[in-house]
Amino acid sequence: QVQVVESGGGLVQPGGPLRLSCAVSGSFFRVYATGWYRQDPGKQREMVATIGSGGRTDYADSVKGRFTISRDNAKNTVYLQMNSLKPEDTAVYYCKVQVAVNIVSGPNDYWGQGTQVTVSS
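Residues numbered from 1 in each chain as written. Predicted model: local features only at pLDDT ≥ 70, side-chain atom pairs only at ≥ 80, totals over all residues. Heavy atoms only, no water.

Novice: Quick one: what's the story with the overall build of the protein, residue by residue and with numbers?
Specialist: Along the backbone of the protein there are zero helices and eleven strands. In the protein, the succession of α and β elements from N to C terminus is β-β-β-β-β-β-β-β-β-β-β. Here the C-alpha atoms of the protein give a radius of gyration of 14 Å, agreeing with the 14 Å that 2.2 N^0.38 yields for 121 residues. In terms of principal-axis extent, the alpha carbons of the protein reach across some 50 × 25 × 25 Å. Of all intrachain contacts in the protein linking residues separated by at least 6 positions in sequence, the fraction that spans at least 24 positions is 55%. (Helix = DSSP H or I, 4+ residues; strand = E, 2+ residues; numbered from the N terminus. Rg over C-alpha atoms; globule rule 2.2 N^0.38 Å. Contact = heavy atoms within 4.5 Å.)

So this is what it looks like as structure tokens:
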């Protein structure tokens, strides 16, 4: 069984920084691509940033230059460093990971429960 747990959300003032973490635990063979997504009530979930197992990254245009995604493969943890936060960054942030549970199975998507980020003065 694979568990995905996000942490680090909270209330921050506009212009401030926040760092999210996503820890993958349980019984599995390998973690492949990972990413952060966010969702506002009444809106579709959108991609924020992704990082492949080889380190290739991709960002939504709205966060380029402000957010940085990284991963620590030894700790099976993904991070999202968010700087220069804006009120429009307010959302629930979700971590998605692609995990193969054994050496013969293909990767499946697993989602965390989400962590609230609120940017407000």
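From this point, the discussion proceeds with the structure in view.
Novice: If you had to explain the state of the cysteines to someone new, which residues and values would you point to?
Specialist: In a disulfide, the sulfur atoms of two cysteines are covalently bonded to one another. Tallied over the entire structure, the rule returns one disulfide. Linked covalently through their sulfurs, C22 and C95 form a disulfide whose S-S length is 2.1 Å. The chirality of the disulfide connecting C22 with C95 is left-handed, given an S-S dihedral of about -80°. On the criterion of sequence distance, the pair formed by C22 in strand β3 (residues 18–26) and C95 in strand β9 (residues 91–100) is long-range, its members being 73 residues apart. Each member of the pair, C22 as well as C95, carries the same accessibility label: buried. (Disulfide = S-S within 2.5 Å. Buried < 20%, exposed > 50% of the residue type's maximum accessible area, 1.4 Å probe, protein only.)

Novice: Got a sec to walk through the nonpolar core? Specific residues and values, please.
Specialist: General note: in soluble globular proteins, nonpolar side chains tend to be found buried as a group. In terms of nonpolar packing, the biggest core is built from 28 residues, with W36, L80, M82 and Y93 touching the most fellow members. With five residues, β9 is the single largest residue contributor to this core. (Core = buried A, V, L, I, M, F, W, Y, C linked by side-chain atoms within 4.5 Å.)

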